[in-house]
Amino acid sequence: MARPLVAHIDPAAIASNLARVRALAPGAGVLAVVKANAYGHGLTRVLPALAAADGLALIELDAAVRLRDAGYRRPILLLEGFFEAAELSEIVARSLGVVVHCADQVRMLESARPAAPIETWVKVNTGMNRLGFALREVAGVCERLEAMGTAAPLRLMMHFAGADEEGGIAGPLARFDDACRGLPYARSVANSAGIVRYAEAGGDIVRPGIMLYGATPFVGRSAAALGLVPAMTLRSRVIGVQTLATGDCVGYGATFVAPRPMRIGVVACGYADGYPRHAPNGTPAIVAGQRVGIAGRVSMDMLTVDLSDAPQAGPGSDVVLWGEGLPVDEVAAAAGTVGYELLCAVAPRVAFVTAA
Ligand SMILES: *Cc1c(COP(=O)(O)O)cnc(C)c1O
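Residues numbered from 1 in each chain as written. Predicted model: local features only at pLDDT ≥ 70, side-chain atom pairs only at ≥ 80, totals over all residues. Heavy atoms only, no water.

1. Considering the overall build of the protein chain
So, step 1. The helix and strand tally for the protein chain stands at 12 helices and 18 strands.
So, step 2. When the backbone C-alpha atoms are referred to their principal axes, the protein chain occupies close to 75 × 40 × 35 Å.
So, step 3. Taking all 356 residues of the protein chain together, the buried fraction comes to 53%.
So, step 4. Relative to all contacts within the protein chain whose residues are 6 or more apart in sequence, the contacts with residues 24 or more apart total 63%.
So, step 5. Carbon and sulfur atoms form 54% of the exposed surface of the protein chain, whose accessible area is close to 15100 Å².
So, step 6. Computed over 31 positive and 32 negative side-chain charges, the inter-centroid distance for the protein chain is 2 Å. (Helix = DSSP H or I, 4+ residues; strand = E, 2+ residues; numbered from the N terminus. Buried < 20%, exposed > 50% of the residue type's maximum accessible area, 1.4 Å probe, protein only. Contact = heavy atoms within 4.5 Å. Areas by Shrake-Rupley, 256 points an atom, 1.4 Å probe, with all protein chains shown as cover. Lys, Arg positive; Asp, Glu negative; His and termini not counted. Charge placed at Lys NZ, Arg CZ, Asp CG, Glu CD.)

2. Re empty space enclosed by the protein
So, step 1. Applying the stated criterion across every chain yields a total of one cavity of 30 Å³ or more.
So, step 2. In this model, the largest cavity occupies a volume close to 30 Å³.
So, step 3. Taken together, Lys123, Val124, Asn125, Thr126, Met128, Arg130, Leu131 and His159 make up the full set of residues lining the largest cavity.
So, step 4. Class assignment of the residues belonging to the lining of the largest cavity gives a composition of three nonpolar, three polar and two charged. (1 Å grid on protein atoms, 1.4 Å probe; cavity = no way out; pocket = protein on both sides within 12 Å on 5 of 7 lines; lining within 4 Å. Points joined across faces, edges and corners; volume = space filled by probe spheres on them. Nonpolar A, V, L, I, M, F, W, Y, C, P; charged D, E, K, R; others polar.)

3. Let's talk about the site of the ligand
So, step 1. Close to the ligand lie 13 residues, the nearest being Lys35, Tyr39, Ser192, Ile210 and Tyr340.
So, step 2. Interatomic distance of 2.5 Å between a side-chain N/O atom of Tyr39 and an oxygen atom of the ligand.
So, step 3. The backbone of Ile210 places a nitrogen or oxygen atom 2.8 Å from an oxygen atom of the ligand.
So, step 4. When isolated, the ligand has an accessible area of 390 Å², and the protein chains bury 93% of it.
So, step 5. Its atoms largely coinciding with the cavity grid, the ligand occupies the largest pocket.
So, step 6. For the shell around the ligand, the per-class residue count stands at seven nonpolar, four polar and two charged. (Near = heavy atom within 4 Å. Polar contact = N/O pair within 3.5 Å; in protein donor to acceptor, adjacent residues only side chain to side chain. Sits in = over half its atoms within 2 Å of the grid points.)

4. Side note on the environment of Glu330
So, step 1. Relative to the helices and strands, Glu330 is located in helix H11 (residues 328–334).
So, step 2. When its relative accessible area of 34% is taken as the criterion, Glu330 is described as partly exposed.
So, step 3. Sequence separation of Glu330 and Arg181 is 149 residues, and the distance between their C-alpha atoms is 42 Å.
So, step 4. With residues near it in sequence (within four places) discarded, Glu330 still touches Pro284 and Arg291.

5. Some remarks on the layout of surface pockets
Empty space among the atoms can be located by rolling a probe the size of a water molecule over them.
So, step 1. Its volume calculated, the largest pocket comes out at about 870 Å³.
So, step 2. For the lining of the largest pocket, the secondary-structure elements that each account for two or more residues are helix H2 (35–39), helix H9 (192–196), H11 and helix H12 (339–345).
So, step 3. Looking at the lining of the largest pocket, the element that brings in the most residues is H11, giving four residues.
So, step 4. Grouping the amino acids of the lining of the largest pocket by side-chain chemistry returns 24 nonpolar, 10 polar and nine charged.
So, step 5. Domain assignment of the residues forming the lining of the largest pocket places at least three in each of domain 1 (11–215) and domain 2 (232–354).
So, step 6. In this structure, the second largest pocket encloses a volume near 160 Å³. (Domains from an automatic or database assignment.)

6. Some points on the pattern of salt bridges
So, step 1. Evaluated as defined, the whole model comprises 16 salt bridges.
So, step 2. Asp273 is paired through a salt bridge with Arg3; the nearest N and O atoms lie 2.9 Å apart. With Asp273 in the loop between strand S13 (262–267) and strand S14 (284–287) and Arg3 in the segment before strand S1 (6–9), this pair connects stretches of sequence that are 270 residues apart.
So, step 3. We classify Asp273 as buried; its relative accessible area is 1%.
So, step 4. Of the residues examined, Arg3 reaches a relative accessible area of 36% and is grouped as partly exposed.
So, step 5. The shortest N-O distance in the salt bridge between Glu330 and Arg291 comes to 2.4 Å. Within this pair, whereas Glu330 is found in helix H11, its partner Arg291 is found in strand S15 (residues 290–293), the two being separated by 39 residues in sequence.
So, step 6. The network of salt bridges with shared partners includes Arg3, Asp273, Asp301 and Arg349. (Salt bridge = Lys/Arg side-chain N within 4 Å of Asp/Glu carboxyl O.)

7. Quick look at the packing of aromatic side chains
So, step 1. Per the counting criterion, the structure on display carries three aromatic pairs.
So, step 2. Centre to centre, the rings of Tyr39 and Tyr213 are 4.8 Å apart; their planes meet at 25°, and the pair counts as stacked. Pair noted here: Tyr39 is in helix H2 and Tyr213 is in the loop between strand S9 (205–206) and strand S10 (232–244), with a separation of 174 residues, a long-range link. Exposure class is identical for Tyr39 and Tyr213. Each is buried.
So, step 3. Where Tyr39 meets Tyr340, the ring centres are 6.2 Å apart and the plane angle is 35°; that geometry is what we call tilted. You can see Tyr39 sitting in helix H2 and its partner Tyr340 sitting in helix H12, a full 301 residues away along the chain.
So, step 4. The class of Tyr39 is buried, set by a relative accessible area of 6%.
So, step 5. The class for Tyr340 is partly exposed, based on a relative accessible area of 29%.
So, step 6. Three or more aromatic residues joined by ring pairs form one cluster here, namely Tyr39, Tyr213 and Tyr340.
So, step 7. The lysine or arginine in question, Arg221, covers the ring of Phe218, its NZ or CZ lying 4.9 Å from the ring centre. (Phe/Tyr/Trp six-rings, centres within 6.5 Å; stacked < 30°, edge-to-face > 60°. Lys NZ or Arg CZ within 6 Å of the ring centre and 35° of its normal.)

In structure tokens:
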């Protein structure tokens, strides 16, 4: 038997989550965010499920080129634009859109004199202080780009630093509106958290990422409560069982000491598969249909779970690490991170299966 660790991808879940985006942001254009290999799900694997999106957005030029080679004809936006002028010829040839967030990029565009129009999004820094032009620079940048003639169409965008927090929208949005006053271009503000709060956030075009994959953009608000369905279920099996006496230890560093006689199940999944090594004792998993907790340190290829209260579980039992029945967000919260990180981190050695 092959190693039993498999990431099951459910395209129907992604299509359903996309429909949820449409329902939350009626009338808005939807650019489905597929950076980082579609948040670890596999870009080509999820593409058919995103057929109803108006376009795609990502970071990686090589992946955008592969999308065009595969026949994708709708808009594709590079969310960080280009990193050097040498990329511009490919960008023009493939009709890719670019985000422009700094003066260097404007200069590169101006001196490249592109042979055809490039859809150009001016990114406004509304307080996150990561990428984007200062509020007072925005009108001038748009003027320069207009003057080029080939930075067209022009669009305006911003990114929320805290749309998942109470009050995270109003301030940045007011600054954005201020910077863009009188500019006649389509606008995009909302990521997943902004889409859930679309009534407040608004915008002509939305950029859903994490919600398409069925995880929550919020701390303390579950994906299920938002009407989202998990697109990835990471499944494995129990490949060994140990019977422990009180005081016996489990795993590297003996971080778990049996407080009583116990049964420990060994699961084929470790940090080399993308499972977080820092997941503490008690991090949930489902074994043979029952919720159990991790006991002992996650190692490279295996992790260990407490099966003392799951007598039906044994060698060969099915395990769900996250996905159906166990939101990735719960595992992430236990491990001190977010679902985004766990989904993106699933390693290349994990087998993938797509549901028919
Ligand atoms: C990643 C990204 C998104 C998607 O964010 P989610 O929180 O995953 O919805 C949207 N906009 C930009 C600019 C991004 O980089």
